[in-house]
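Chain residues, written in single-letter form:
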Amino acid sequence: MANKIQLRRGTKAQLTALGALALGEPGYATDTGELYIGNGSGANTKVSASDTERAIWNAKASTAIATTSTAGLMPAADKAKLDGVTGPWGNNTDTTRPAGDMSRYASIGQGVSASALSKIIFTFAANNQKGTSDIANSRFVVPETGYYLVSGRAGITGGSTYTQLLLYVNGSINAVLGESTQNASSGLTLSGASILRLQAGWTLEFYVFVNSNATISPNPESTQVSLIRVA
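Residues numbered from 1 in each chain as written. Predicted model: local features only at pLDDT ≥ 70, side-chain atom pairs only at ≥ 80, totals over all residues. Heavy atoms only, no water.

A. Fine view of the pairing of strand β15 (residues 203-210). Counting buried positions along β15 yields 7 of 8 residues, so the element is predominantly enclosed. Direction of pairing for strand β10 (residues 139-141) relative to β15: antiparallel, over a ladder of 2 bridges. When the sheet's bridge partners are listed, Phe140 is paired in β15 with Leu204. Judged from the 7 bridges that link them, strand β12 (residues 163-169) and β15 form a sheet pairing that is antiparallel. When the sheet's bridge partners are listed, Tyr168 is paired in β15 with Glu205. (Buried < 20%, exposed > 50% of the residue type's maximum accessible area, 1.4 Å probe, protein only. Helix = DSSP H or I, 4+ residues; strand = E, 2+ residues; numbered from the N terminus. Pairing = 2+ DSSP bridges.)

B. Layout of the sheet that holds strand β3 (residues 35-37). Spatially, β1-β2-β3-β4 is the arrangement adopted by the 4 strands of the open sheet, whose pairing is mixed. Edge positions in the open sheet fall to β1 (8-10) and β4 (45-46), since each of these has one partner strand only.

C. Here's a closer look at the pairing of strand β2 (residues 26-29). The alternating pattern of β2 places Gly27 and Ala29 on a buried face and Pro26 and Tyr28 on a face that is not buried. Of the strand pairs in this sheet, β1 and β2 are connected by 3 bridges, and their pairing is parallel. Paired with Arg8 across the strands is Gly27, a residue of β2. With helix α1 (residues 12-18) bridging β1 and the parallel β2, this β-α-β connection has right-handed handedness. Sheet analysis places β2 next to β3, joined by 3 bridges and oriented antiparallel. Bridged to Pro26 within β3 is Ile37. (Right-handed = clockwise from strand over helix to strand, strands pointing away.)

D. Looking closely at the environment of Asn39. Inspection of the secondary structure puts Asn39 in the loop between β3 and β4. Using a relative accessible area of 32% as the deciding quantity, one classes Asn39 as partly exposed. Measuring from C-alpha to C-alpha, the distance between Asn39 and Pro26 comes to 9.7 Å, with 13 residues separating the pair along the chain. Not counting chain neighbours up to four residues away, the residues in contact with Asn39 comprise Leu21, Ala22, Leu23, Asn44 and Thr45. (Contact = heavy atoms within 4.5 Å.)

E. Quick look at the pattern of salt bridges. Throughout the structure, instances matching the rule amount to 6 salt bridges. Through salt bridges with shared partners, a single ionic network connects Lys130, Glu144 and Arg229. (Salt bridge = Lys/Arg side-chain N within 4 Å of Asp/Glu carboxyl O.)

F. Local environment of unusual backbone geometry. One non-glycine residue with positive phi stands out, namely Ser115, at about 55°. Relative to the elements of secondary structure, Ser115 occurs in the loop between β6 (110-112) and β7 (116-119). Residue classification places Ser115 among the exposed positions, given a relative accessible area of 55%. Even without glycine at this site, Asn170 takes up a positive phi of about 55°. Position of Asn170 among the secondary structure elements: in the loop between β12 and β13 (172-180).

G. Layout of the environment of Gly201. By the secondary structure assignment, Gly201 is in the loop between β14 (188-198) and β15. Separated by 98 residues in sequence, Gly201 and Ser103 place their C-alpha atoms 21 Å apart.

H. Broad picture of the nonpolar core. One finds Ile120, Ile156, Leu167, Leu204, Phe206 and Val208 to be the most contacted residues of the largest nonpolar core, which totals 28 residues. If you list the elements that add at least two residues to this core, you get β11 (146-158), β12, β13, β14, β15, β16 (214-216) and β17 (224-229). Excluding anything up to four places from it in sequence, Ile156 contacts Thr163, Ala184, Gly187, Leu188, Val208, Val210, Ala214, Thr215 and Ile216. (Core = buried A, V, L, I, M, F, W, Y, C linked by side-chain atoms within 4.5 Å.)

Following this line, the structure appears as structure tokens:
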């Protein structure tokens, strides 16, 4: 016949009336579901929650997945806040973040005249999320307000000894992305980048300045610009 081990038990009031349990002696409160371990003197040590305490904890949140309207493992308000958080670089999904890439992809280069600003004419848009790349007008159109990383490069060949790559926003100069005093006869590449806060609907265009007639490279490896929202 198997041996049966039973703990000291009774209502919580009865256990309290008994006083301190012996050192290491367990005691079970039948009315509250609490388990105690005696320390030989003073108050016994409770090692489990009561039925009431468990009911209170269980009522704080269900085990269901929380939504922005229904509480679950977290309050609905916290779920709404969490859903609204993006990483420091904005929405990192590659199909929802505004982004554009345009390049000079042609059989011949673009001629530019000395001592004049010449807008770079782009012929190919490798990326055009949310209508960012307006290839017909060789410009970017900002689809939504935010912080953007703008970068560009332009390959130049010709007799120019002073060459600039410039960024224009809404028809006005915003930044000199690249500048060189090298002779471009053997070819050179100007490049640069900037982080800007841009408003929806703003336009970005890229210009070059040369002090002698030159040619903008038709290769995308040399002449390419990009715009991507980062926050």
